[in-house]
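Understanding the architecture of this molecule
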Amino acid sequence: MYRRSCPDQLSFENFYLPFGGKLSGENRWVKLAALIPWQSVEADYAEQFSHQMGAPAKSFRVALGALLIKEKLGTSDAETVEQIRENPYLQYFLGFSEYRDSAPFDPSMLVHFRKRLSLELISQLNSAVVQAMLTSEEPCLEEASTAEEQPTISPKSSTASNQDDEPPPPNQGQLILDATCAPADIRYPTDLGLLNEARAASEGILDVLYQQVVTVFQSKPRTYRKLARKAYLAIAKQRQPSRQLRRKGIRQQLNYLARNLRHIDRLIDAGAPLTSLSRRQYRLLLVLSEIYRQQQEMYENKCHRIDNRIVSLTQPHVRPIVRGKAGVPVEFGAKLSVSYVSGCVFLDELSWDNVNEATHLQAQVEAFRTRFGHYPESVHADQIYRTRDNRRWCQAHGIRLSGPPLGRPKADSTVQAELKQQARADEKVRVAIEGKFGQAKRRFSLARVMAKLAPTAQCAIAITFLVLNLERWLRQLLMLFCGLYALYIKALNLLLGLYERSQHEEDERQPEVCWNGSPQSAEMSAANINALLAA
């Protein structure tokens, strides 16, 4: 069951503190709570729950706020709950009306929060945040564009701009596209190590099933687990085992695993119920069968590639992503297609397979049109995006795709120099998205996704990009405040200078009149300064 929270935001001044005092409005969590549109997607979140049955679930603000706190502070689930318990500003951020000295929920609840907040839900909230951010920036962007003579990007208006009787809006703005990988928290996989883990897991499942039919068999099926473990360590402990030795070890572990799987089939046929296994063990049993099939096929064909290859026993959804980069040629995690617009990032595509990111360009440009109501003037992307199909599609829609044109270099040296200069300028624009990837991986948790399930990992990745946009918004507000304060100090100094100059001129005209240090003279000086400041 779900109960909608009160839509009115509690003022930080009315937040009750049992030990006295009030919250400061300058705190970052108070400012961040005012920026997030909590009510924009709460209705979609509430649809997951029954309206009558069950205990009331935690509100959307509590679920999302806890995940934002965890990502922003870079803490574990347990430490996040402790930080919330100790900090009244974090409790205000979650929507509480008063400070509580007890934990608001168990740390395991964060797993349920990640399951409930889907990738689509967070993407919808991220779009709402970016729209509100760009709307607040619109006056400043218009002034900057007037000074620099560059088009601005504004969020899509509520009225339809592409009606039948109206021409389509002109292309404007820049769209930056790139792809990256979010590595999962797994050990670097090897065929031998994966088979050894699968064999050990199959032995645990066999032990559970044998206890259900212990009276049917005279003795427990042989697994040779000690010999199998010894054979594995004899190869794994070597610094550089030869190819023949590794192949021999793989064959041995395949034989041990095949024997265990045959024993498990015999136990099931003898009446051992699969319901005696836990959900995790039943899931492991299905994964073990698929791992054995894949490894047996690769061993027989003497290759190291197969479709939908499993590289982790506990995270079977993770696939190897071949990136070809220096130092890390292969990564294991989700592949992300990201777009960058005016300093904001959008997670457009998330796939666990090693897909070609060039196939996402047209969909990402259409998503840009959906968000802002028009196509971009230029698309800045890597060379892998510049396929012939994408070039033709961009040309048909009046979009300039970055990079040099196809074909031989131009015979005219002037034209060729202009093309090279344009390509360098496009690359300078495109590199901005690399900075966002660095911030997401070095400052936040995109470099190692600790969530183990596919839905929870997708939620953790989407939360990272949402926090990136919120951090930019907070930084923008801070810069705006500092700019206004600097203008105030500059104006104050200017007024004081004018006042001193006028006093100096007045003293020159009337040299016999001077300030004698009396209180009346000080009051007159203060009154003059206040009059100038008011003017």
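All figures in this text were calculated on a predicted structure; none of them were measured in a lab.

**Some thoughts on helix α13 (residues 388-396)**
Listed as buried for α13 are Asn390, Arg391, Trp393 and Cys394. Taken end-on, α13 shows its buried residues confined to a sector of 165°, consistent with a single buried face. The exposed residues of α13 that point more than 90 degrees off its buried face are Arg388, Arg392, Gln395 and Ala396. On its buried face, α13 is in contact with α12 (361-372) and β6 (400-401). With its phi angle positive at about 70°, Gly398 sits one or two positions after the end of α13.

**Focus on the layout of surface pockets**
The calculated volume of the largest pocket comes to roughly 1,200 Å³. Lining the largest pocket are 43 residues; nearest its centre among them are Pro189, Thr190, Asp191, Gln295 and Arg309. Top contributing element to the lining of the largest pocket by residue count: helix α8 (residues 191-212), with five residues.

**Considering unusual backbone geometry**
Even without a glycine there, the phi angle at Asn308 is positive, about 55°. Structurally, Asn308 can be placed in the loop between α11 (279-301) and β2 (319-322). Exposure remark for Asn308: the relative accessible area of 49% places this residue in the partly exposed category.

**Quick notes on the pattern of salt bridges**
One pass over the structure, following the stated rule, counts 26 salt bridges. A salt bridge links Glu203 to Arg199; its shortest N-O distance comes to 2.7 Å. Here Arg199 and Glu203 lie together in helix α8, a separation of four residues that amounts to about one turn. Glu203 sits in the buried class, given a relative accessible area of 6%. Here Asp207 and Arg225 are joined by a salt bridge, their closest N and O atoms 3.2 Å apart. One end of the pair, Asp207, is in helix α8; the other, Arg225, is in helix α9 (residues 225-236), and 18 residues separate them in sequence. Its relative accessible area of 29% is what places Arg225 among the partly exposed residues. A network of salt bridges, in which partner residues are shared, links Asp178, Asp382, Glu427, Arg430 and Glu434.

Definitions and limits used
- Residues numbered from 1 in each chain as written.
- Predicted model: local features only at pLDDT ≥ 70, side-chain atom pairs only at ≥ 80, totals over all residues.
- Heavy atoms only, no water.
- Buried < 20%, exposed > 50% of the residue type's maximum accessible area, 1.4 Å probe, protein only.
- Helix = DSSP H or I, 4+ residues; strand = E, 2+ residues; numbered from the N terminus.
- Arc of directions from axis to C-beta.
- Contact = heavy atoms within 4.5 Å.
- 1 Å grid on protein atoms, 1.4 Å probe; cavity = no way out; pocket = protein on both sides within 12 Å on 5 of 7 lines; lining within 4 Å.
- Points joined across faces, edges and corners; volume = space filled by probe spheres on them.
- Salt bridge = Lys/Arg side-chain N within 4 Å of Asp/Glu carboxyl O.

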